[in-house]
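Spelled out from the first residue to the last, the chains are:
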Amino acid sequence: MRSCYRGMEMSGESMAVIKQYVRDLESYTIDQLRWKRTDDVWSIGQLYVHMVEVANEYIGYIEACAKETQLESRGKTEDGLTAFAERMWPDVRVKLEEPANATHNPESKEGIHALLEQVLEKLYYWAERVDQINPACKARHGWFGWLNAREWFEMVGMHSRHHLRQKAILDKLLAEYRS
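Residues numbered from 1 in each chain as written. Predicted model: local features only at pLDDT ≥ 70, side-chain atom pairs only at ≥ 80, totals over all residues. Heavy atoms only, no water.

Q: Any chance you could explain helix 4 (residues 78-86) here in plain terms?
A: A turn of α-helix holds 3.6 residues, and therefore any two residues three or four places apart point the same way. Here helix 4 has its buried residues at Gly80, Ala83 and Phe84. Along the long axis of helix 4, the arc covered by the buried residues comes to 90 degrees, so they all point the same way. Across helix 4 from its buried face, at more than 90 degrees, point the exposed residues Glu78, Ala85 and Glu86. Phi for Arg87, located one or two positions after helix 4, is positive at around 55 degrees. (Buried < 20%, exposed > 50% of the residue type's maximum accessible area, 1.4 Å probe, protein only. Helix = DSSP H or I, 4+ residues; strand = E, 2+ residues; numbered from the N terminus. Arc of directions from axis to C-beta.)

Q: Please clarify how the pairing of strand 1 (residues 138-141) should be interpreted in this entry.
A: Remember that side chains alternate between the two faces of the sheet whenever the strand is regular. Direction of pairing for strand 1 relative to strand 2 (residues 145-148): antiparallel, over a ladder of four bridges. In the sheet register, Lys138 faces strand 2, and the bridge partner there is Asn148. Connecting strand 1 to the antiparallel partner strand 2 that follows it, the hairpin turn spans three residues. (Pairing = 2+ DSSP bridges.)

Q: In this structure, what is going on with the confidence of the model for the protein? I would like to understand it.
A: Keep in mind that low pLDDT regions are not for reading the predicted coordinates in detail. Per-residue pLDDT for the protein has a mean of 89; in total, 88% of the residues score no lower than 70. Mean pLDDT values over the elements of the protein span from 71, in helix 1 (residues 2-25), up to 98, in strand 2. Per-residue pLDDT stays below 50 along residues 1-10; that stretch engages in eleven contacts with residues further than four places along the chain or on separate chains. (pLDDT = per-residue confidence, 0-100. Contact = heavy atoms within 4.5 Å.)

Q: Explain the pattern of salt bridges to me, please; I cannot follow it from the model alone.
A: Side-chain pairs of opposite charge can arise where the charged atoms are in close proximity. Applying the stated criterion to the full structure yields seven salt bridges. The salt bridge partner of Arg129 is Glu128, with a shortest N-O separation of 3.8 Å. For Arg129, a relative accessible area of 29% translates into the label partly exposed. Across the salt bridge formed by Asp171 and Lys167, the nearest N and O atoms sit 3.0 Å from each other. You can see Asp171 and its partner Lys167 sitting in helix 6 (residues 149-178), four residues apart, about one turn around the helix. Using a relative accessible area of 25% as the deciding quantity, one classes Asp171 as partly exposed. Accessibility expressed as a relative area gives 5% for Lys167, which makes it buried. Residues joined by salt bridges that share partners form a network here, namely Asp24, Lys167 and Asp171. (Salt bridge = Lys/Arg side-chain N within 4 Å of Asp/Glu carboxyl O.)

In structure tokens, the structure reads:
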């Protein structure tokens, strides 16, 4: 019973953080979402786009685990074990191979809102199904190792919460710029 409760708790956390992004979006204009202090730093809008793209990628891995028929005995890396034990993404700055300006700035605030709503719809769909997927059916994360569908679901929330720290820094820079 406890593991089922934990699963529902984590499901709620993943959806709650996406809902927080939706609420926060209302406070920005499109110009504020697109504003960049320098070319090598994301705008708040680029952060939103990245967060949605990664959420959709992770949801794709949930779908892959649901369709998988081969069982995987390999597990998480040491970093993956730590991240899941702490229920949070490590507090390190991850440098992507692509330049910061490769992630596009949003076309519109409404477009970002629609993308966030689509992520929420997918999360609601999988929240009811994820615990029925064989936990031995896994997909590999490049840093955290082999994850099952439940863990990929949790990763949506963990990754999104990780970017709230970055968003707070960008919000502060935007406030200083507007002053």
